[in-house]
Amino acid sequence: MPRYTVHIRGEWLAVPCQNCSNTIGWLGKEAVRRYMKNKPDNGGFTSVEEVKFYVRRCKGLGLLDLDDTVEDALEDNEFVEVVIEGDIMSPDFIPSQPEGVHLYSKYREPEQYISLDGNSLTTEDLVNLGKGLYKIKLTPEAEVKVKQSREVIERIVKEQTVVYGITTGFGKFARTVIPNSSEKCPERSRMLLALRINVLAKGYSGISLETLQQVIEAFNASCLPYIPEKGTVGASGDLAPLSHLALGLIGEGKMWSPKSGWADAKYVLEAHGLKPIKLKPKEGLALINGTQMITSLGCEAVERASAIARQADIVAALTLEVLKGTTRAFDTDIHAVRPHRGQTEVAFRFRSLLDSDHHPSEIAESHRFCDRVQDAYTMRCCPQVHGVVNDTITFVKDIMLTEINSATDNPMVFAQRAEIISGGNFHGEYPAKALDYLAIGVHELAAISERRIERLCNPSLSELPAFLVTEGGLNSGFMIAHCTAAALVSENKALCHPSSVDSLSTSAATEDHVSMGGWAARKALRVIEHVEQVLAIELLAACQGIEFLRPLRTTTPLEKVYDLVRSVVRPWMKDRFMAPDIEAVHRLLVEQKVWEVAEPYIEKYRREHIPESRPVSPTAFTLRSLAVNMCVNHDHSHQNEL
């Protein structure tokens, strides 16, 4: 029986075909049906029949006629891809798109603008630009600075002064003077392009306003060059990826837009009524010299790190409830005597989520008078461990904010001085070191989360069924999910090795120290994704633990989190394919849904300055309780004497 391997929305499915007279359309529908079956929400569809799709070969990328039979069109076990209408095609493939086929119909051209001046862009703005939520325009002040900078360049060219990168080549070719006749030769890509525009808007690069406006027009039309993620050493800036960015803008290489799909750049520009840029002196270097590849990826990393860090507190609080931990370790006075900002905030979040007096918790009340003295470090030390992650993110974000609003070109054009100076602002050491630090810091959220998953799954530590499932042995429950978390944490340990400690000389020893910041940025993103996935597993495990404590209820905000998870994943009654569950909860974390349901309760607790509750229990030892006990004992002995 022939079978075909089908790629659909990032997943590979094996689809057997008993009847060779079945059509390509049947193959597509069968793949969609199997895809929907694996998804807790059916992939967002109500039926297979409503899904419109195209089918193409993975090799050669040719579109297949849906009416052709699989026997005529395909070989046994051939790889094909089902592209659902409205989805962006897999970034692994760069196909041309036939006329009349609109695979990107869900894209909506933004109506709002962000004004760039090179000084006030935020990491959040940049991520939103990457998502296609805004167009770009320059501020009037930026336009003036760009014009003034360009005037200096034009004067140098007219006077035939020898200046690096303007009338000479780059790097080792800096001693080679270029004749005038040669100069006329000619959702991360979008972020990269937006960030490059912001840097050029500062007015220190010497680009003409005309050329910069052409770059902005390409961005606003979402004409995005194909940019490989590898190839930068992070000094002189991100030359290789930024060269690919410039390549598309001058009408060479591949480019993508919602209107055209992937095609030759000149045709994509033409489809939008745009012309390839004709580079003037210095403009080639202005487009490719800078740290924008490192920094744009770094901004995405910082924003995702911020999102998962605050949600990690919520996940850990729910685990603490399931494991019947105490809130005493989050007492204000403890953290006031070690007042790190992140630690203090994390402790506050735990109090706001777990305060049983403010949000009555039947689970907390059920063990208030137990004989446990203190909790394991993985729960008790969350403010200290999660706290330093928050402070790390703040530190890195500050560096990123400075970097995205910095001039990282070379040479620098100072219009007020009418002078051009060669420097080293292109060197990526700042973002490289910061992103290595970010990876190391954020990884700890996964490291401590994996240990909490172990406690949830281990019956000797949790007092819950082994691996959080009934009929253990017949069912393995969360056993393999915990293995997955452990594997991700172990992989992160290797990824956290700093890339910026390495340097290799390039450009014939002209660029003899480099930052390796591109790899720092890419692996930081990978570490953060692993952290998200580990916390998704912990959140699933904690919600499963709640099932065994019913009918007892936790605090109101944590019940809301539980309800959110149960809206996409049902309880684990017996073993089933767990990957869709993990993916669904991972999506909740990436989209910050967990934070959205808990934040109102956290902020209300903050606004109302609710007095801290310090519930009395045998583990809450005070001198006052000792004095009371002594009085009681004295009374008893006095009565005995009488």
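Above: the structure in question.
Let me begin by describing the structure that accompanies this report. (Residues numbered from 1 in each chain as written. Predicted model: local features only at pLDDT ≥ 70, side-chain atom pairs only at ≥ 80, totals over all residues. Heavy atoms only, no water.)

In terms of nonpolar packing, the biggest core is built from 140 residues, with Ile-197, Leu-438, Val-442, Leu-445, Phe-478 and Leu-539 touching the most fellow members. Ignoring anything within four residues of it in the chain, the contact list for Leu-445 reads Ile-308, Ala-309, Ala-312, His-386, Val-389, Val-531 and Leu-535. Within the second largest apolar cluster, 24 residues are counted, among which are Leu-13, Val-32, Val-70 and Leu-74. (Core = buried A, V, L, I, M, F, W, Y, C linked by side-chain atoms within 4.5 Å. Buried < 20%, exposed > 50% of the residue type's maximum accessible area, 1.4 Å probe, protein only. Contact = heavy atoms within 4.5 Å.)

Okay, the side chain of Asn-128 next. The residue Asn-128 is located in helix H3 (residues 123-130) in this model. Of the residues examined, Asn-128 reaches a relative accessible area of 16% and is grouped as buried. (Helix = DSSP H or I, 4+ residues; strand = E, 2+ residues; numbered from the N terminus.)

For the rest of this paragraph, the subject is the packing of helix H19 (residues 517-547) against helix H21 (residues 579-590). Close contact between H19 and H21 brings their axes to 8 Å; oriented N to C, the two are set at 115 degrees. Classified by the angle their axes make, H19 and H21 are roughly perpendicular. Remark: the crossing between H19 and H21 carries right-handed chirality. Here Glu-529, Glu-532, Gln-533, Leu-535, Ala-536, Ile-537, Leu-539 and Leu-540 of H19 come into contact with H21, specifically with Asp-581, Ile-582, Val-585, His-586, Leu-589 and Val-590. Split by residue class, the contact of H19 with H21 holds 9 nonpolar, 2 polar and 3 charged. (Axes fitted to C-alpha atoms, helices over the stretch in contact; angles between N-to-C directions. Parallel < 35°, antiparallel > 145°, perpendicular 65-115°, else oblique. Left-handed = near helix turned anticlockwise from the far one by under 90°. Nonpolar A, V, L, I, M, F, W, Y, C, P; charged D, E, K, R; others polar.)

Moving on, we come to helix H10 (residues 292-322). Spanning 31 residues, H10 covers 45 Å between terminal C-alpha atoms, matching the ideal 45 Å at 1.5 Å per step. Buried residues dominate H10, accounting for 29 of its 31 residues. One or two positions beyond H10, positive phi appears at Lys-324, with a value near 55 degrees. (Expected span 1.5 Å × (residues − 1).)

Let's shift gears to unusual backbone geometry. Following Asn-410, the chain continues into Pro-411 via a peptide bond in cis, with omega recorded as -5 degrees. Within the secondary structure layout, Pro-411 lies in the loop between helix H15 (382-404) and strand S10 (412-414). At the junction of Arg-550 and Pro-551, the peptide bond is cis and its omega measures out at 15 degrees in the coordinates. Along the chain, Pro-551 turns up in the loop between H19 and helix H20 (556-566). We note that Ser-222 has phi near 60 degrees; this positive angle belongs to a residue other than glycine. Here Ser-222 is to be found in the loop between helix H6 (209-220) and strand S7 (224-225). You will see that Phe-467, though not glycine, has its phi angle at about 55 degrees, which is positive. Counting through the fold element by element, Phe-467 comes out in the loop between helix H17 (459-462) and helix H18 (479-495).

Its place among the elements puts Pro-225 in strand S7. For the pair Pro-225 and Leu-249, spaced 24 residues apart in sequence, the C-alpha to C-alpha distance is 7.2 Å.

Our focus in this paragraph is the sheet that holds S7. Strand order across the open sheet formed by 3 strands is S7-S8-S9, with antiparallel pairing between neighbours. Each having just a single partner strand, S7 and strand S9 (261-264) make up the two edges of the open sheet. Two strands pair when backbone bridges link them, and S7 and strand S8 (residues 254-257) are joined in this way by 2 bridges, in the antiparallel orientation. Looking at S8, one finds that Pro-225 is bridged to Met-255. (Pairing = 2+ DSSP bridges.)

The 4 strands are arranged S2-S1-S4-S3 in an open sheet whose pairing can be described as mixed. Single-partner strands in this sheet number two, and they are strand S2 (11-16) and strand S3 (53-57). Neighbour-to-neighbour, the strand axes of the sheet open up by a mean angle of 30 degrees, direction not taken into account. Bridge count between S3 and strand S4 (residues 79-84): 5 bridges; the pairing is antiparallel. Bridge pairing in S4 links Val-55 to Val-82.

When charged atoms on two side chains of opposite charge get close, those side chains can pair. In total, this model carries 31 salt bridges according to the counting rule given. A salt bridge links Glu-229 to Arg-522, with the shortest nitrogen-to-oxygen separation between them at 3.8 Å. Of the two residues, Glu-229 is situated in the loop between S7 and helix H7 (239-249) and Arg-522 in helix H19; the sequence distance between them amounts to 293 residues. The exposure class assigned to Arg-522 is buried, which follows from its relative accessible area of 16%. With a closest N to O distance of 3.8 Å, Glu-583 and Arg-587 form a salt bridge. Within this pair, Glu-583 and its partner Arg-587 are both found in helix H21, separated by 4 residues, close to a single helical turn. Judged by its relative accessible area of 30%, Glu-583 falls in the partly exposed class. Taken together, the shared-partner salt bridges connect Asp-313, Glu-345, Arg-349, Glu-603 and Arg-606 into one network. (Salt bridge = Lys/Arg side-chain N within 4 Å of Asp/Glu carboxyl O.)

With respect to the helices, strands and loops of the structure, Leu-549 is situated in the loop between H19 and H20. Taking C-alpha positions, Leu-549 is 8.7 Å from Leu-464, a pair spaced 85 residues apart along the chain. When near neighbours in sequence (up to four residues on either side) are disregarded, Leu-549 contacts Glu-321, Val-322, Lys-324, Ile-363 and Leu-464.

Another point: the packing of H3 against helix H5 (residues 189-200). Packing of H3 against H5 brings their axes to within 7 Å, and their N-to-C directions diverge by 130 degrees. On the basis of the axis angle, H3 is oblique to H5. Considering the relative orientation of H3 and H5, their crossing is right-handed. Counting all contacts with H3, which are made through Leu-126, Val-127, Leu-129 and Gly-130, the residues of H5 involved are Arg-190, Met-191, Ala-194 and Leu-195. Counted by class, the contact of H3 with H5 contains 6 nonpolar, 1 polar and 1 charged residues.

Before going further, it helps to examine a negative patch on the surface. On the surface, Asp-65, Asp-67, Asp-68, Glu-71 and Asp-72 cluster together into a negatively charged patch. Along the chain, the position of Asp-72 falls in helix H2 (residues 70-73). On the basis of relative accessibility, which here comes to 64%, the residue Asp-72 falls in the exposed class. (Patch = residues over 30% accessible without salt bridge, like charges linked within 9 Å, V, L, I, M, F, W, Y side chains within 5 Å. Areas by Shrake-Rupley, 256 points an atom, 1.4 Å probe, with all protein chains shown as cover. Lys, Arg positive; Asp, Glu negative; His and termini not counted. Charge placed at Lys NZ, Arg CZ, Asp CG, Glu CD.)

Relative to the elements of secondary structure, Cys-20 occurs in the loop between S2 and helix H1 (24-37). Here the alpha-carbon distance between Cys-20 and Val-70, two residues 50 residues apart in the chain, equals 6.1 Å. Excluding anything up to four places from it in sequence, Cys-20 contacts Pro-2, Thr-69, Val-70 and Glu-71.

To continue, consider the packing of aromatic side chains. Evaluation of the coordinates by the stated rule reveals 5 aromatic pairs. Relative to Tyr-437, the ring of Phe-395 has its centre 5.6 Å away and its plane inclined at 70 degrees; by these criteria the two rings are edge-to-face. Remark: Tyr-437 occurs in helix H16 (residues 429-457) and Phe-395 occurs in helix H15; sequence separation between them is 42 residues. Using a relative accessible area of 43% as the deciding quantity, one classes Phe-395 as partly exposed. Positioned over the ring face of Phe-414 is Arg-417, at 5.7 Å from the centre of the ring. (Phe/Tyr/Trp six-rings, centres within 6.5 Å; stacked < 30°, edge-to-face > 60°. Lys NZ or Arg CZ within 6 Å of the ring centre and 35° of its normal.)

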